[in-house]
Amino acid sequence: PDVTAVYGKTSVLPVYLDNTHEVVGLQFTIKVPQGMVLNTGDLALDTRGEDHIATVKKTASNTYLCMVYSPTNKLLRGYTGKLFDINFTISSSFTDGSTHSLTLSDVVLGDAAANNVMTSYSIGNLLVIDGADLIVQAISVPEEALTPGGTADIAWTVVNDGGMSTTGGWKEQV
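Residues numbered from 1 in each chain as written. Predicted model: local features only at pLDDT ≥ 70, side-chain atom pairs only at ≥ 80, totals over all residues. Heavy atoms only, no water.

### Quick look at the nonpolar core
Where we set the bar: Definition used in this section: a nonpolar core is a set of buried Ala, Val, Leu, Ile, Met, Phe, Trp, Tyr and Cys residues joined via side-chain atoms within 4.5 Å. Summary of the burial criterion: residues with accessible area below 20% of their type's maximum are buried, those above 50% are exposed, and those between are partly exposed, where the area comes from a 1.4 Å probe applied to protein chains only. What makes two residues a contact is simply this: any of their non-hydrogen atoms within 4.5 Å.
Of all hydrophobic cores here, the largest spans 33 residues; its most connected members are Phe84 and Leu126. Setting aside residues no more than four positions away along its own chain, phenylalanine 84 makes contact with Leu13, Pro14, Val15, Phe28, Leu43, Ala44, Leu45, Ala54 and Val68.

Encoded structure:
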């Protein structure tokens, strides 16, 4: 599926696998646009893993190798669903509203006998959006001194200066 990103925020690239054969491990190379940086290292698998390890390693400029494997040759659970998320960021060089290609290559799905059972694969695009940008404005505090254990009325206004609505709410605290 397509993935959206906002400059200055960590975004998530989900990795799904719909397989028709039993799979023990997989690997693929992903090439991303200049200015998109994947977080490398070990990843947490969703519920499809047994003792599987997922990792992302940068191999060249804008190119990453992603691997999922079981040190004990156990099968992935199930035949469909999300495997893991890769966190990433984009640079300020991306333009709001722009679309960028992501490229997969060297895709291998391995069964317990080390056969490649990969039949097809697909990948979406990177969509750059102008996200919600909450800014605190007009803070008012009492001019008199506060005493220990006392109370005060404090008010503020939160403005969304971004291009998207907020979702999931937010918490405010002083």
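From this point, things continue past the structure.
### Quick look at the sheet that holds strand 6 (residues 53-60)
Just so we agree on the cut-off: By the convention used here, strands pair only if DSSP detects at least 2 bridges between them. What counts as a helix is a DSSP run of H or I of at least four residues, what counts as a strand is a run of E of at least two, and both are numbered from the N terminus. Each axis is a line fitted through C-alpha atoms, taken for helices only over the stretch in contact, and angles between the N-to-C directions span 0 to 180 degrees.
The sheet built from 5 strands is open, its strands ordered 5-6-7-3-10 with antiparallel pairing. Looking along the sheet, the strands with just one partner apiece sit at the ends: strand 5 (41-43) and strand 10 (103-110). Going from strand to strand, the sheet's axes swing by 20° on average, the running direction of each strand aside. Two elements, strand 3 (residues 25-31) and strand 10, share 6 bridges in a ladder whose sense is antiparallel. Within strand 10, the residue paired with lysine 31 across the bridge is threonine 103.

### What to know about a nonpolar patch on the surface
This is how the line gets drawn: Patch membership needs two things, relative accessible area over 30% and no salt bridge, and members are linked within 9 Å if like-charged or within 5 Å if nonpolar (Val, Leu, Ile, Met, Phe, Trp, Tyr). Per-residue and other accessible areas were derived by the Shrake-Rupley procedure at a 1.4 Å probe size, with only the shown protein chains allowed to occlude residues. Within this document, salt bridges are pairs made up of a side-chain nitrogen of Lys or Arg and a carboxyl oxygen of Asp or Glu, the two lying within 4 Å of each other.
On the surface, Val136, Ile139, Val141, Ile154 and Trp156 cluster together into a nonpolar patch covering about 450 Å² of accessible area. Following the sequence through the fold, valine 136 ends up in strand 12 (residues 134-140).

### Quick notes on the sheet that holds strand 2 (residues 11-16)
Pairing is antiparallel across the open sheet formed by 3 strands, whose spatial order is 2-8-4. Of all the strands in the sheet, just strand 2 and strand 4 (36-38) have a single pairing partner and so form its edges. Averaged over all pairs of adjacent strands, the angle between strand axes in this sheet comes to 35°, irrespective of strand direction. With 3 bridges connecting them, strand 4 and strand 8 (residues 82-90) associate as antiparallel partners. The residue of strand 8 that forms the bridge with valine 37 is threonine 89.

### Focus on the pattern of salt bridges
Under the counting rule described, the total for this entry stands at 3 salt bridges. Between aspartate 46 and lysine 82 there is a salt bridge whose closest N-O contact spans 3.8 Å. Highlighted residues: aspartate 46 in the loop between strand 5 and strand 6 and lysine 82 in strand 8, separated in sequence by 36 residues. Among the salt bridges present, the one from aspartate 85 reaches lysine 82, with a minimum N-O distance of 3.1 Å.

### Thoughts on the pairing of strand 7 (residues 63-69)
In this structure, strand 3 lies alongside strand 7, joined through 6 bridges in antiparallel fashion. Its bridge partner lying in strand 7, leucine 26 is registered against valine 68. Hairpin connection between strand 6 and strand 7: a loop of 2 residues separates the two successive antiparallel strands, and asparagine 62 in this loop has a positive phi of roughly 65°.

### What to know about the pairing of strand 2
With burial as the criterion, only one face of strand 2 is covered, namely that bearing Ser11, Leu13 and Val15; the residues Val12, Pro14 and Tyr16 on the opposite face remain uncovered. As judged from the 6 bridges shared by strand 2 and strand 8, these two strands associate in the antiparallel manner. Bridge assignment links valine 15 to a residue of strand 8, and that residue is phenylalanine 84.

### Overview of unusual backbone geometry
Within the chain, asparagine 62 stands out as a residue other than glycine whose phi angle is a positive 65°. Tracing the chain through its elements places asparagine 62 in the loop between strand 6 and strand 7. For asparagine 62, a relative accessible area of 12% puts it in the buried group. Positive phi outside glycine occurs at asparagine 73, with the angle close to 65°.

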